[in-house]
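# Commentary on secondary and tertiary structure
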Amino acid sequence: MPVSSQDVTVVTLLADPDAPTEIAQRMARTLPDRLADKSGQGRRFNVEVVSEPFTSGTEDPPTLMRRIMDRGSAENWDIVVALTDLPLHSQGRRLAVYRNHENGLALLSLPSLGGLRLQTRARQAVEEAVLGLAGPQTPGAEGPLRSQPLPGAFVNLPAPIHPGQSGDEETDDVRYVVGGPRGYLRVLAGMVRANRPWRLVPGLSKALAAALATGTAATVNSTVWSLATSLGTPRLVIATVGSVAIMIGWLIVDANLWHRSPESSPEARQRAALYNASTIVTVGIGVLVCYVGLLVINWAWALFILNDRLFASMTQTPLHATQYWTLSWFVASVATVGGALGSGLESDEAIRAAAYSKREQERRRVLLDDHGDQ
């Protein structure tokens, strides 16, 4: 799939469904002009977006590259840049980009770009990939042609992304890897960003209903008043951490969100640890958003319903702003535990749909089917 020698170079952004497709469609609006400006020589680019689950059923980068190569060969595409929210691994290293100059292919793992300014970073990465593929090849140390890494987007990205060595059987000629603890955190943040944890809140409608019912009843309970006024800030913090942890643990266990790799290799364990960490952070963010919402609702309910004279007679403490805050804080923790019990009313599919991106949902369905067949 050589780069076109005509005036117009056809660039196809092959994107996984959901977030990668949305990112590709947004960047495609300005990408042709930006590529033309940066490439010079009067070159023009035509950018197309094709959305399809090309990562379905596999996490092996060489296999993905062969799929992209076969897909591109069947079309009139000069350059193909594939975007996925799949975290890529090879030989124990986290990979950001595969690039094959001879066939005009590149594979970009969006989680390697982190969770912030993802659209801008993805556009920079795609520009770097396209310009590298459209540029000339240079002889490598042992003779074969290699695309020359260009200074630019990958060098300037805040993530620790740097060129890495390709294996003898790999289908790429240039690869970029993500190294070090900062790289791990960057990939983890990117995976959580792809999962969109804020979607977990409406996905837990029955759990939130149970939590709100628990909070409403607790706010008018005199025993809860007495407990709340007797608790200091350290114990309230402990109650918050404990209730949130219970909710996170219950959701992960009840909905079977924990990843268990069928393989025992170090690379498989590394992938499993990364997936499980992203699950904990994704669910944790969703639960914290629910917790803050419960705290605000309980505070508003307490302002409306509580009687200062009755409260003072039951607790021997005047009802001031501090008491409203303390009571709402404590009730939010109690309500969160009630919500954990209510989450058992949600279907596992509903929770997985709320907690994961579409590609991750598909990946987990394949894993569950494989376990079921064994």
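Structure report, in brief. (Residues numbered from 1 in each chain as written. Predicted model: local features only at pLDDT ≥ 70, side-chain atom pairs only at ≥ 80, totals over all residues. Heavy atoms only, no water.)

Scanning the chain from N- to C-terminus turns up 15 helices and 10 strands. Considering only residue pairs separated by 6 or more positions, the chain has 78% of its internal contacts joining residues 24 or more positions apart. Accessible surface, the chain: about 17,000 Å² in total, of which carbon and sulfur atoms supply 57%. (Helix = DSSP H or I, 4+ residues; strand = E, 2+ residues; numbered from the N terminus. Contact = heavy atoms within 4.5 Å. Areas by Shrake-Rupley, 256 points an atom, 1.4 Å probe, with all protein chains shown as cover.)

The subject of this paragraph is the packing of helix 9 (residues 222–230) against helix 13 (residues 321–342). Angle between the axes and distance between the axes are the two parameters that describe a pair of packed helices. Running from amino to carboxyl end, helix 9 crosses helix 13 at an angle of 110°, the nearest separation of the two axes being 9 Å. As judged from the angle between their axes, helix 9 and helix 13 are roughly perpendicular. Mapping the contact onto sequence places Val224, Trp225, Leu227, Ala228 and Thr229 in helix 9 and Gln323, Thr326, Leu327, Phe330 and Val331 in helix 13. Of the residues that constitute the contact of helix 9 with helix 13, the class distribution is 7 nonpolar, 3 polar and no charged. (Axes fitted to C-alpha atoms, helices over the stretch in contact; angles between N-to-C directions. Parallel < 35°, antiparallel > 145°, perpendicular 65-115°, else oblique. Nonpolar A, V, L, I, M, F, W, Y, C, P; charged D, E, K, R; others polar.)

The next subject is helix 3 (residues 61–73). Between its first and last C-alpha atoms helix 3 spans 18 Å; for 13 residues at 1.5 Å apiece the expected length is 18 Å, and the two agree. Taken together, the buried positions of helix 3 are Pro61, Pro62, Leu64, Met65, Ile68 and Gly72. Seen along its axis, helix 3 keeps its buried residues to an arc of 160°; they face one direction. Exposed residues pointing more than 90 degrees away from the buried face of helix 3 are listed as Asp70 and Ser73. Along its buried surface, helix 3 packs onto strand 1 (8–15), strand 3 (79–84), strand 4 (88–90), strand 5 (93–100) and strand 6 (105–109). (Expected span 1.5 Å × (residues − 1). Buried < 20%, exposed > 50% of the residue type's maximum accessible area, 1.4 Å probe, protein only. Arc of directions from axis to C-beta.)

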